[in-house]
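Working through the structure, step by step
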Amino acid sequence: MNFDVIIIGAGSMGMAAGYFLAKSGKKTLLLDSFNPPHNKGSHHGETRIIRHAYAEGEEYVPFVLRAQELWTDLEQATGKQLFLQTGVLNVGEEGSEFIRNIISSSEKYSLPLDIMNAEEVYQRWPGITLPGDYVGCFEPASGILKSEECIQAYKELAESHGATILTNSRVQDISVLADRVIIKTDEETFYSDALVVSAGSWSGELLSTMLDLDLPLTAVRKTFAWFDADENSYNHEQFPAFNFETPEGIYYGFPSTDGCGLKVGRHDGGDEINPDESMQEFGEVAGDKEDLRQFLNGYLPEIQQLKYGKICMYPMIPDEKFIIDLHPKYPNIAIAAGFSGHGFKFSSAVGQALSNLIISGKNDIDLSHFSLKRF
Ligand SMILES: Cc1cc2nc3c(=O)[nH]c(=O)nc-3n(C[C@H](O)[C@H](O)[C@H](O)COP(=O)(O)OP(=O)(O)OC[C@H]3O[C@@H](n4cnc5c(N)ncnc54)[C@H](O)[C@@H]3O)c2cc1C
């Protein structure tokens, strides 16, 4: 079968790209090893934080603001609430690079930001206790995305624009010829003019073995867990999502939505894994529970009772910046990889950028920070 574009990996980035390409009139095929949204990759666990004043660097801000607009468009197109404006509280040591980047991003892009000392944070959210030299930077316009529902929404819209989505169809081979690309799964062979590779934690091996591109991409096991929390204080209308840089590590969390409890995870660390091998469940690795508990004991001491935890994967790249670029040898192949545990919020804008790269070779928002040239 012939297509204009084939997308390998219909997860966070690929499903959004499928929507934008199909909407532009491209005959689009999405292939996925599983049935997205699913719990085998990087997008499950119900929610993802979207922050605007970006601690990782102000170069991300125009991209995240575009992503936020596109999430609103997706809500309007589907009639579903996908974003909850809980606000996001960023916490760290006063004067740290993390806090400085948040403040400078908000100043440069005129983003609303309330900067509070430890006492002011406690006055506003009495569940949070901070050392005296910490500050809280609260972004009232940011919040949380319902990640699996976002992917489901893009899936339905992509199909309504004529995209074909084949699930449980793992790509086993890619051949690039002068005028077309040939993709093989176990069952079928497909042909297309162009290709998008958005294979999450599987990207490193796929790019190296099938597209002659060796990149320092790895996959890391991550854990996160829900804890009992008083609904009156910790529900999403009272309590913000949060992102803490502490000497022990970087932790993030979500207020309780629909009575599910407070969700907490650790961003840094984690063991490198092979994404094709089954991972140890939450609690099976020493430190899974203790790590989250020591964070909660220090900063959110009212939160004690663990409900349950889950595991997930981060596709990692050493500098933790994304790859969104065309293949250096093949201008008809676009790659989105290495989202390093902070990519979901951008996935609407990444999908649009991938579609733009395939259609015109360029994007209206600068992607040079995410270029393959840095390797
Ligand atoms: C616990 C956790 C918390 C996170 N928190 C946040 C957060 O708060 N905010 C935020 O912005 N980001 C967050 N992230 C990061 C974000 O979720 C990821 O960056 C994002 O989901 C990555 O998207 P992806 O499309 O690269 O991968 P995925 O969504 O995993 O999609 C990749 C897809 O490719 C498919 N695939 C792979 N190989 C093949 C093949 N050979 N053939 C066919 N299909 C294939 C897979 O089945 C999968 O569906 C978090 C991640 C985790 C794990």
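Residues numbered from 1 in each chain as written. Predicted model: local features only at pLDDT ≥ 70, side-chain atom pairs only at ≥ 80, totals over all residues. Heavy atoms only, no water.

Cut-off, in case you're wondering: UniProt positions are given in the numbering used here, feature names are shortened, and annotations may be inferred rather than shown by experiment.
Under the annotation held in an unreviewed UniProt entry, the protein chain carries the name N-methyl-L-tryptophan oxidase and is attributed to Paenibacillus agri. What the UniProt record of the protein chain gives under Cofactor (unreviewed entry) is the line "FAD".

Examining the pairing of strand 13 (residues 218-227)
Applied cut-off: Type-normalised accessible area, obtained with a 1.4 Å probe on protein chains alone, sets the label of each residue: buried when under 20%, exposed when over 50%, and partly exposed for intermediate values. Secondary structure counts use DSSP, requiring at least four H or I residues in a row for a helix and at least two E residues in a row for a strand, with both numbered from the N terminus. DSSP-based pairing: two strands are paired if at least 2 bridges between them are found.
Counting buried residues along strand 13, 9 of its 10 residues qualify, which places the element largely inside the surrounding structure. In terms of strand pairing, strand 13 meets strand 18 (residues 306-316) through 10 bridges, oriented antiparallel. Note that in strand 18 the partner of threonine 223 across the bridge is isoleucine 311. Direction of pairing for strand 13 relative to strand 17 (residues 272-273): antiparallel, over a ladder of 2 bridges. Across the sheet, the residue bridging to valine 220 is glutamate 272, located in strand 17.

Quick notes on the UniProt feature "transmembrane region" (unreviewed entry) in the protein chain
Within this structure's numbering, the places UniProt gives as "transmembrane region" (unreviewed entry) are residues 6-22. A helix fraction of 65% and a strand fraction of 18% characterise residues 6-22, whose end C-alpha atoms lie 11 Å from each other.

What to know about the environment of threonine 78
Condition: In what follows, a contact means two residues having at least one pair of non-hydrogen atoms within 4.5 Å. Counted as a polar contact is a pair of N or O atoms within 3.5 Å, where, for protein atoms, one must be capable of donating a hydrogen and the other of accepting one, and residues adjacent in sequence contribute only when both atoms are in side chains.
Here threonine 78 shows up in helix 2 (residues 61-78). Taking relative accessible area as the criterion, threonine 78 reaches 23% and is therefore assigned partly exposed. Between the C-alpha atoms of threonine 78 and aspartate 325, which are 247 residues apart in sequence, the distance is 29 Å. Here threonine 78 is in contact with Ala153 and Leu157, once residues within four sequence places are set aside. A polar side-chain atom of threonine 78 sits 2.7 Å from the main-chain carbonyl oxygen of leucine 74.

Re the site of the ligand
Let me state the cut-off plainly: One heavy atom within 4 Å of a molecule or strand is enough for the residue carrying it to be called near that molecule or strand. All accessible areas in this document rest on Shrake-Rupley with a 1.4 Å probe, and a residue is counted as covered only by the protein chains that are shown.
As a matter of local geometry, the ligand sits amid 35 residues, with Ser12, Asp32, His38, His43 and Cys312 nearest to it. At 2.8 Å from an oxygen atom of the ligand is found a main-chain nitrogen or oxygen belonging to isoleucine 49. At 2.8 Å, a side-chain N or O of lysine 345 approaches an oxygen atom of the ligand. For the ligand, whose unbound accessible area comes to 1,000 Å², protein coverage reaches 98%.

As for the packing of helix 1 (residues 12-23) against helix 9 (residues 347-360)
Stated formally: Simply put, an axis is a line fit to the C-alpha atoms, just over the touching stretch for a helix, and the angle between two N-to-C directions goes from 0 to 180 degrees. By definition in this entry, angles of less than 35 degrees are roughly parallel, angles greater than 145 are roughly antiparallel, angles of 65 to 115 are roughly perpendicular, and the rest are oblique. Definitions for this section: a left-handed crossing has its near helix turned counterclockwise from the far helix by less than a right angle. A right-handed crossing has that turn clockwise. Residues are grouped as follows: nonpolar covers Ala, Val, Leu, Ile, Met, Phe, Trp, Tyr, Cys and Pro; charged covers Asp, Glu, Lys and Arg; every other residue, Gly included, is treated as polar.
Running from N to C, helix 1 and helix 9 cross one another at 55 degrees; their axes reach a closest spacing of 7 Å. Relative to helix 9, helix 1 is oriented oblique. As helix 1 runs across helix 9, the sense of the crossing is right-handed. Residue-level contacts link Ser12, Met13, Ala16, Ala17, Phe20 and Leu21 of helix 1 to Ser347, Ser348, Val350, Gly351, Gln352, Leu354, Ser355, Ile358 and Ile359 of helix 9. Per-class residue counts for the contact of helix 1 with helix 9 are 9 nonpolar, 6 polar and no charged.

Here we look at the UniProt feature "domain: FAD dependent oxidoreductase" (unreviewed entry) in the protein chain
Annotation from UniProt places "domain: FAD dependent oxidoreductase" (unreviewed entry) at residues 4-356. As annotated, residues 4-356 has a helix share of 27% and a strand share of 30%, and its two end C-alpha atoms lie 14 Å apart.

Details of the environment of asparagine 243
Mapping asparagine 243 onto the fold places it in strand 14 (residues 241-246). Asparagine 243 sits in the buried class, given a relative accessible area of 6%. A C-alpha to C-alpha distance of 6.2 Å links asparagine 243 and valine 91, two positions 152 residues apart in sequence. Not counting residues up to four positions away in its chain, the partners in contact with asparagine 243 are Arg51, Leu89, Asn90, Val91, Phe98, Ile250, Tyr251 and Tyr252. Here the side chain of asparagine 243 touches asparagine 90 through a polar contact of 3.3 Å, side chain to side chain.

Concerning the sheet that holds strand 3 (residues 47-50)
Read across the open sheet, the 3 strands follow the order 3-8-4; overall the sheet is antiparallel. Strands with a single pairing partner mark the edges of an open sheet, and in this sheet they are strand 3 and strand 4 (83-84). Across 2 bridges, the pairing between strand 4 and strand 8 (residues 143-146) is antiparallel. Within strand 8, the position partnered with leucine 84 by the bridge is isoleucine 144. With respect to the sheet, helix 2 is in contact with strand 3, strand 4 and strand 8, its orientation differing from that of strand 3 by roughly 135 degrees.

A closer look at the pattern of salt bridges
For the record, the criterion: For this analysis, a salt bridge means a side-chain nitrogen from Lys or Arg found within 4 Å of a carboxyl oxygen belonging to Asp or Glu.
All chains considered together, the criterion is met by 13 salt bridges. The salt bridge involving glutamate 56 is made with arginine 51; its shortest N-O contact spans 2.9 Å. You can call arginine 51 buried: its relative accessible area is 7%. Arginine 374 is the partner of aspartate 319 in a salt bridge, and the nearest nitrogen-oxygen pair spans 2.6 Å. A residue pair is termed long-range when its members are at least 10 positions apart, and aspartate 319 in the loop between strand 18 and strand 19 (323-326) and arginine 374 in the segment after helix 9 qualify at 55 residues. The class for aspartate 319 is partly exposed, based on a relative accessible area of 38%.

Digging into the side chain of serine 147
Within the secondary structure, serine 147 is located in helix 5 (residues 147-160). Polar side-chain contacts of serine 147 include one of 3.0 Å to the backbone oxygen of histidine 43. In this structure serine 147 touches His43, Glu46, Thr47, Arg48 and Phe344, once residues within four positions along its chain are discounted.

Some thoughts on the packing of aromatic side chains
This is how it is decided: A pair of aromatic rings is counted whenever rings of Phe, Tyr or Trp (Trp by its six-membered ring) have centres within 6.5 Å, and the orientation is called stacked for planes under 30 degrees apart, edge-to-face for over 60 and tilted otherwise. The rule is short: NZ of Lys or CZ of Arg within 6 Å of the ring centre and within 35 degrees of the ring normal puts a charge over the ring.
Applying the stated criterion across every chain, the model contains 30 aromatic pairs. An angle of 55 degrees between the planes, with centres 6.1 Å apart, marks the rings of phenylalanine 20 and tyrosine 154 as tilted. One end of the pair, phenylalanine 20, is in helix 1; the other, tyrosine 154, is in helix 5, and 134 residues separate them in sequence. For tyrosine 154, a relative accessible area of 2% gives the class buried. A centroid spacing of 5.4 Å and a plane angle of 75 degrees characterise the contact between tyrosine 60 and phenylalanine 322, whose relative ring orientation is edge-to-face. With tyrosine 60 in the loop between strand 3 and helix 2 and phenylalanine 322 in the loop between strand 18 and strand 19, this pair connects stretches of sequence that are 262 residues apart. An aromatic cluster of three or more residues is present, and its members are Tyr134, Tyr234, Phe239, Phe242, Phe244, Tyr251, Phe295 and Tyr299. Looking at lysine 263, its charged tip hangs above the ring of phenylalanine 254, at a distance of 4.3 Å from the centre.

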